[in-house]
Amino acid sequence: MATIKNLTPHALVLFAEDPAGTVVGSIGFGRAARPTQFRPVAELPSEGVARATTAVETMGSVEVNGEQLPVTKTVFGGTADLPAPAEGVRLVVSLITANAAQAEGRSTDDLLVVGDAVRDAGGRIIGTTGFGAV
């Protein structure tokens, strides 16, 4: 069994779909939302934050009410604070970070991204039902 470390900025609550579960929520958003019930499985606290590095480039400007407002583009580079792969350790990171790791040539076999989001009645994300890979 692998150790899972959460390198996102927030605690990550893991849920299993369960008709007898005590948490009412949905998977999907808007018309695609599928209401269901969930059972909490685990909560992974944040153990630091791995990020994609970024740079902001000015692409030009647009005029709004007589003012020139900048138009910028965020360019993603490599990664920051992402540990090297270690045997038996899986790292939960953002999809942007996983993609940056892949682009810089790092193996992504140990990286996990958040899977299907579980939303409460107000549409706020409260957890996930699993993980995805890049």
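Criteria and cut-off values
Residues numbered from 1 in each chain as written. Predicted model: local features only at pLDDT ≥ 70, side-chain atom pairs only at ≥ 80, totals over all residues. Heavy atoms only, no water. Pairing = 2+ DSSP bridges. Helix = DSSP H or I, 4+ residues; strand = E, 2+ residues; numbered from the N terminus. Buried < 20%, exposed > 50% of the residue type's maximum accessible area, 1.4 Å probe, protein only. Contact = heavy atoms within 4.5 Å. Salt bridge = Lys/Arg side-chain N within 4 Å of Asp/Glu carboxyl O. pLDDT = per-residue confidence, 0-100.

Asker: Quick question: what am I supposed to make of the pairing of strand E8 (residues 111–114) here?
Answerer: The side chains of a regular strand alternate between both faces of the sheet. Alignment of strand E7 (residues 89–92) against E8, held across 2 bridges, turns out to be parallel. Its bridge partner being in E8, Leu 91 is matched across the sheet by Leu 111. Bridge count between E8 and strand E11 (residues 131–132): 2 bridges; the pairing is antiparallel. Of the residues in E11, the one forming a bridge with Val 113 is Gly 132.

Asker: How should the side chain of Asp 110 be read in this particular structure?
Answerer: Its place among the elements puts Asp 110 in the loop between helix H1 (95–103) and E8. Given a relative accessible area of 7%, Asp 110 falls into the buried group. When sequence neighbours within four positions are dropped, the list of residues in contact with Asp 110 reads Pro 85, Val 89, Arg 90 and Leu 91.

Asker: Is there a simple way to explain the pattern of salt bridges in this structure?
Answerer: Between side chains of opposite charge, a pair can form as their charged atoms come close. Inspection of the entire model under this criterion finds 4 salt bridges. Among the salt bridges present, the one from Arg 34 reaches Glu 17, with a minimum N-O distance of 2.9 Å. Of this pair, Arg 34 sits in strand E4 (residues 34–44) while Glu 17 sits in strand E2 (residues 12–17), and the two are 17 residues apart along the sequence. Residue Glu 17 is classed as partly exposed on the basis of its relative accessible area of 41%.

Asker: Sorry if this is basic, but what is going on with the environment of Gly 115 here?
Answerer: Mapped onto the elements of the fold, Gly 115 is located in the loop between E8 and strand E9 (117–119). Here the alpha-carbon distance between Gly 115 and Glu 67, two residues 48 residues apart in the chain, equals 42 Å.

Asker: Even after reading the chapter, I still don't get the confidence of the model for the protein, so can you show me in this structure?
Answerer: Parts of the prediction with low pLDDT should not have their coordinates interpreted in detail. The predicted model of the protein averages 94 in pLDDT, with 100% of residues at 70 or higher. At the level of individual helices and strands, the protein shows its lowest average pLDDT in strand E3 (residues 23–27), which scores 92, and its highest in E7, which scores 98.

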